[in-house]
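Geometric and topological summary
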Amino acid sequence: MTFPASPPLVATPVRRVLHRVLGPLLPYLLHLRPMEWPVMTAHAALGWLLAGGFREPDAGAWLGLAAWVVCLNGGTLALNSAFDRDTGDVAYLRSPPPPPPGLAIGALLLMLAGLWLTWALPPTYRLLYGVSIILSIAYSVPPVRLKAVAGADWIINMVGFGTLTPWAGWAITGRTLTLSEGLVLWAFCPLFAALYPLTQLYQMDEDRARGDRTLVLRLGIDRALAVAIAAAGVAFLMLAGAAWLQGWSNGGPLRWAALGAAALGWLAVLVPWHQHGREWSMAEHQRGMYHALVAWAMTDAAVLIAWLA
């Protein structure tokens, strides 16, 4: 049986194959943005690894990570798509198809299903998952729709993706956090405060047309990038503070070198962008966002090297 396809559903060879297999279910899958799943998995696994060291995840860990990534994060992104109705590229989804019928309800049910599936995990994980569902709804769904409120959109993302995600990975193990360990996880809050404006720069025209008053539209390109540089600086100061609290008596040079390399990665992305961003096209801003994601991945890796060396 064949299914009629809109142009976005046959925009790439992979989509053409998936359309033949999934038919009308493909738009639902695409709006879960599976291209982001590896990034989200790595960031959640960061917390799990920091809590327990380098070891193979058990069944509970796999379940907790999968529910957080696919059900919670995928559902959050699909819920956002249901109300944004973007026609241009968005993060991890080029040429998005029109939102299919019932996408918002399906996204909410998927998030709740993830909570049900992981109910046997430690209570801190359940609490973080439940709080994240509330933040997701407040972010996307009218009449609250905090995504359209400059500053509120920023805070929800820097807390939710930045810190609650690795904290959830940590919480799967049932371990409590010390001050220095908590400082490591909370350092990713200002780090995502640096990343979030970068995800909006290439969507400014669509956000403006929709009437959303996003952080970047309020700040403008120059100030948004200046804020990103300052926030990244705060994040690395917090990581340095956590290192100081822990003493780092063993392997100090390697640990500091790892953090320094990650910091230089952010500077290599942000400083030229700040200097020349006003002259960049939307496509160049989009490319810069993906370069920043590489710097984010470098930071996850550097933290693992520094704290587990």
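Everything numeric here is computed off the predicted structure, so don't read it as measured data. (Residues numbered from 1 in each chain as written. Predicted model: local features only at pLDDT ≥ 70, side-chain atom pairs only at ≥ 80, totals over all residues. Heavy atoms only, no water.)

1. What to know about the layout of surface pockets
The cut-off we apply is this: A pocket here means an open set of points on a 1 Å grid, computed over the protein atoms alone, that has protein on both sides within 12 Å along at least five of seven lines. A cavity is instead a set of points where a 1.4 Å probe fits but cannot get out; residues with an atom within 4 Å of a point line either one. Grid points are joined across faces, edges and corners, and a volume is the space filled by probe spheres set on the points. Each helix corresponds to a stretch of at least 4 residues labelled H or I by DSSP, and each strand to a stretch of at least 2 residues labelled E; elements are numbered beginning at the N terminus. For this classification, Asp, Glu, Lys and Arg are treated as charged, while Ala, Val, Leu, Ile, Met, Phe, Trp, Tyr, Cys and Pro are nonpolar and the rest, including Gly, are polar.
Volume-wise, the largest pocket comes out at about 330 Å³. For the largest pocket, the lining is made up of 14 residues, of which Arg15, Met35, Tyr92, Leu93 and Arg94 are closest to its centre. By residue number, the principal contributor to the lining of the largest pocket is helix H1 (residues 13-22), which donates three residues. When the residues that make up the lining of the largest pocket are grouped by side-chain class, the tally is nine nonpolar, two polar and three charged.

2. Let's talk about empty space enclosed by the protein
Scanning the model with the defined rule gives two cavities of 30 Å³ or more in all. What lines the largest cavity is a set of 35 residues, and nearest its centre among them are Glu36, Leu77, Tyr139, Asn157 and Phe192. Counting residues per element, the ones that place at least two in the lining of the largest cavity are helix H3 (37-52), helix H4 (59-84), helix H6 (123-140), helix H7 (152-171), helix H8 (179-200) and helix H13 (282-308). For the lining of the largest cavity, the element with the most residues is H4, which contributes seven residues. Tallied by class, the residues present in the lining of the largest cavity amount to 17 nonpolar, 12 polar and six charged. For the second largest cavity, the calculated volume is near 40 Å³. In terms of lining residues, the second largest cavity is bounded by His31, Arg33, Ser81, Arg85, Asp86, Val90, Pro96, Pro97 and Pro99. Here the residues of the lining of the second largest cavity are counted per class, giving four nonpolar, two polar and three charged.

3. Description of the side chain of Ser180
For the record, the criterion: Counted as a polar contact is a pair of N or O atoms within 3.5 Å, where, for protein atoms, one must be capable of donating a hydrogen and the other of accepting one, and residues adjacent in sequence contribute only when both atoms are in side chains.
Note on placement: Ser180 falls in helix H8. Polar contacts involving the side chain of Ser180 include one to the side chain of Thr178, which spans 3.4 Å.

4. Here's the deal with the packing of H3 against H4
Put simply, the rule is: Where helices are involved, their axes are fitted lines through C-alpha atoms of the stretch in contact, as for all axes, and angles between N-to-C directions lie from 0 to 180°. With respect to orientation, any angle under 35 degrees is reported as roughly parallel, any angle over 145 as roughly antiparallel, any angle of 65 to 115 as roughly perpendicular, and every other angle as oblique. Whether a crossing is left-handed or right-handed is set by the direction in which the near helix is turned from the far one by less than a right angle, anticlockwise for left-handed and clockwise for right-handed. What makes two residues a contact is simply this: any of their non-hydrogen atoms within 4.5 Å.
Where H3 contacts H4, the two axes come as close as 10 Å, and the packing angle between them is 135°. By the angle between their axes, H3 is oblique relative to H4. For the pair H3 and H4, the sense of crossing is right-handed. Residue-level inspection shows Trp37, Met40, Thr41, Ala44, Ala45 and Trp48 of H3 in contact with H4, the latter providing Ala61, Leu65, Trp68, Val69, Val70, Asn73 and Gly74.

5. Observations regarding unusual backbone geometry
The criterion, for reference: The classification of residues rests on relative accessible area computed with a 1.4 Å probe and restricted to protein chains. Under 20% of the type maximum is buried, over 50% is exposed, and intermediate values are partly exposed.
Put simply, Pro142 and Pro143 share a cis peptide bond, and its omega is 5°. In this fold, Pro143 is placed in the loop between H6 and H7. With a phi close to 50°, Arg33 is a non-glycine residue in the positive phi region. The residue Arg33 is located in the loop between helix H2 (26-31) and H3 in this model. Under the relative-accessibility criterion, Arg33 is labelled buried at 5%. Of note in this structure, Ser95 is not a glycine but carries a positive phi near 50°. Relative to the elements of secondary structure, Ser95 occurs in the loop between H4 and helix H5 (103-117). When its relative accessible area of 32% is taken as the criterion, Ser95 is described as partly exposed.

Purely geometric numbers; function is a separate question.
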